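# Examining the three-dimensional arrangement
Residues per chain, in single letters:
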Amino acid sequence: MAPDLTLENIDIIRPSNYAANGYPYAEWKLLREQAPIYYWDRSVQNPFYAVTRYDDVVWISKQPKLFQNGPRIAVILGSDPGANAPREGSPPEGVQLNTPLFRQLLNMDPPEHAKYRRVASSWFTPRAIQRLQPEIERITRELLDRLVETDGEADFVGAITAPLTLSVLAEMLGVPREDWELMFRWTNQIAGATDPEYQSPGKTAFETVRDARESLFKYFSALVEKSRAKPGDDIVSVIAHGKVDGEPLPAFELLSYCLVLVVAGNETTRNAASGGLLALIEHPGELEKLRRDPGLIDSAVEEIVRWTSPVIQFCRTPIEDVEIRGQKIRAGENLCLFYPAANRDPEVFEEPDCFRIDRDPNPQLGFGIGEHFCLGASLARLELRELFRQWIERIDQFELAGPLERLHSSFLGGVKQMPIRFRPRETRAPRSG
Ligand code: HEM
């Protein structure tokens, strides 16, 4: 029998635990109840405070001048030798890094952050994103066309969620189809570097990220040159022609911008989509509700993002000493905001452990909040809406056909493989005349 959970024996940060057991909801509940600002100094070189309550995540996120995003973006074991101990999964790195691997929105602070965000923000507004609807509708339809031609068994990630998010992003970045596979490899290596499957042979997680970054930077340098010569309406052209304080973006910041869009846009939506289907499989009553009332699709998408919370954590660092819930935090110490824990806080969500596609209100924090609120939220919502709308229309029955394979990561809740069995809806005979 498993021992009773106590603050002393829980683990919320080891990537292999996430791969083996999924999210540690019982551990987060214990933290929310007994130690909402909990000093964590186990299995990491640089300790952090785990923040698990909704109100605290909101309060901290909404004060970007006091709680800054740099220098530690997140707790990522093994990939950040300056900040985290590589005690698990990879041999200790001898490399000490003085400059960050990237300089992008997620490690910028006011006033610089807003200036950089403005470069791309008009491209991502809900209205602007709506113009991608026909394209996303078509990509999703074609993937489902291919799926229903198979024998009724597939890996949902390989057949649908990975190619869907990848194609949408590649179109948005102006990356030609023959290079999509490269994007896929690099994003897996950057976002999933703590997973042995994605680590380059003989390399540590940190080295894997660094090498993938090099390749991605090189690739996007060429794309930026092309866009400068002949601008398109893709986002790389927008950034390549963007200005900060009247000047073009320096090369390092420009390439980091491309990188964050590729990585942030790929892994997260893919995992929300896979986790969303799993939630519908595990909650047939909710699936039935959606079938009966397809108008619930937007609220279902919100609940899927709350339920799956694909980004597990980001850090904030106070620039002066602060006190939160009686806990003194010194300037420079790290607070780690656990979004899935906040999204199950019973002070905010009625029956937080129930998946309800018509939850209202649903102020979920899956996309974060405040200054760094997810730039791609409207795009992610559109992709998820289109996928589940078409799925419900075209697939009659579906179930898991084997165990899920999860990512070794305490940063992103990833699903690597999800075998499903399905039966397409009978298609109506084409109308004559
Ligand atoms: C379900 C899918 C997604 C989830 C759950 C998600 C989640 C998040 C979270 C939690 C943050 C940090 C918020 C904060 O610190 O307050 C974030 C930031 C960001 N996301 Fe997303 N994201 C998703 C999809 C996307 C997509 C599709 C893109 C772009 C194509 C994208 C681009 C970004 C960018 C650029 C930032 C940094 C914003 C900033 O620092 O100002 N995300 N996202």
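Shown above is the structure to which this text applies.
Residues numbered from 1 in each chain as written. Predicted model: local features only at pLDDT ≥ 70, side-chain atom pairs only at ≥ 80, totals over all residues.

By secondary structure assignment, the location of isoleucine 129 is in helix H5 (residues 126-130). The class of isoleucine 129 is buried, set by 20 C-beta atoms lying within 10 Å. Separated by 251 residues in sequence, isoleucine 129 and alanine 380 have C-alpha atoms that sit 9.8 Å apart. With residues near it in sequence (within four places) discarded, isoleucine 129 still touches Phe124, Ser378, Leu379 and Leu382. (Helix = DSSP H or I, 4+ residues; strand = E, 2+ residues; numbered from the N terminus. Buried ≥ 20, exposed ≤ 12 C-beta atoms within 10 Å, placed from the backbone. Contact = placed C-beta atoms within 7 Å.)

Cis geometry is found at the peptide bond from glycine 70 to proline 71, where omega equals -5 degrees. With respect to the element layout, proline 71 can be found in the loop between strand S3 (67-68) and helix H4 (112-121). Look at the link from proline 110 to proline 111: it is a cis peptide, with omega at 0 degrees. For proline 111, the position within the fold is in the loop between S3 and H4. Non-glycine residue aspartate 245 carries a positive phi angle of around 50 degrees. Of note, aspartate 245 is situated in the loop between strand S5 (243-244) and strand S6 (247-248). Residue aspartate 245 is classed as exposed on the basis of its 6 C-beta neighbours within 10 Å. At glutamate 351, a residue that is not glycine, the phi angle is positive and equals roughly 40 degrees. Along the polypeptide, glutamate 351 turns up in the loop between helix H14 (339-342) and helix H15 (377-394).

What follows concerns the nonpolar core. Ranked by internal contacts, the top residues of the largest apolar core, which has 112 residues, are Val51, Leu335, Cys336 and Phe338. Take this core: its biggest share by element is 15 residues, from helix H11 (residues 251-282). Apart from residues lying up to four places away in sequence, cysteine 336 is in contact with Phe48, Tyr49, Ala50, Val51, Val75, Gln313 and Cys315. (Core = buried A, V, L, I, M, F, W, Y, C linked by C-beta atoms within 7 Å.)

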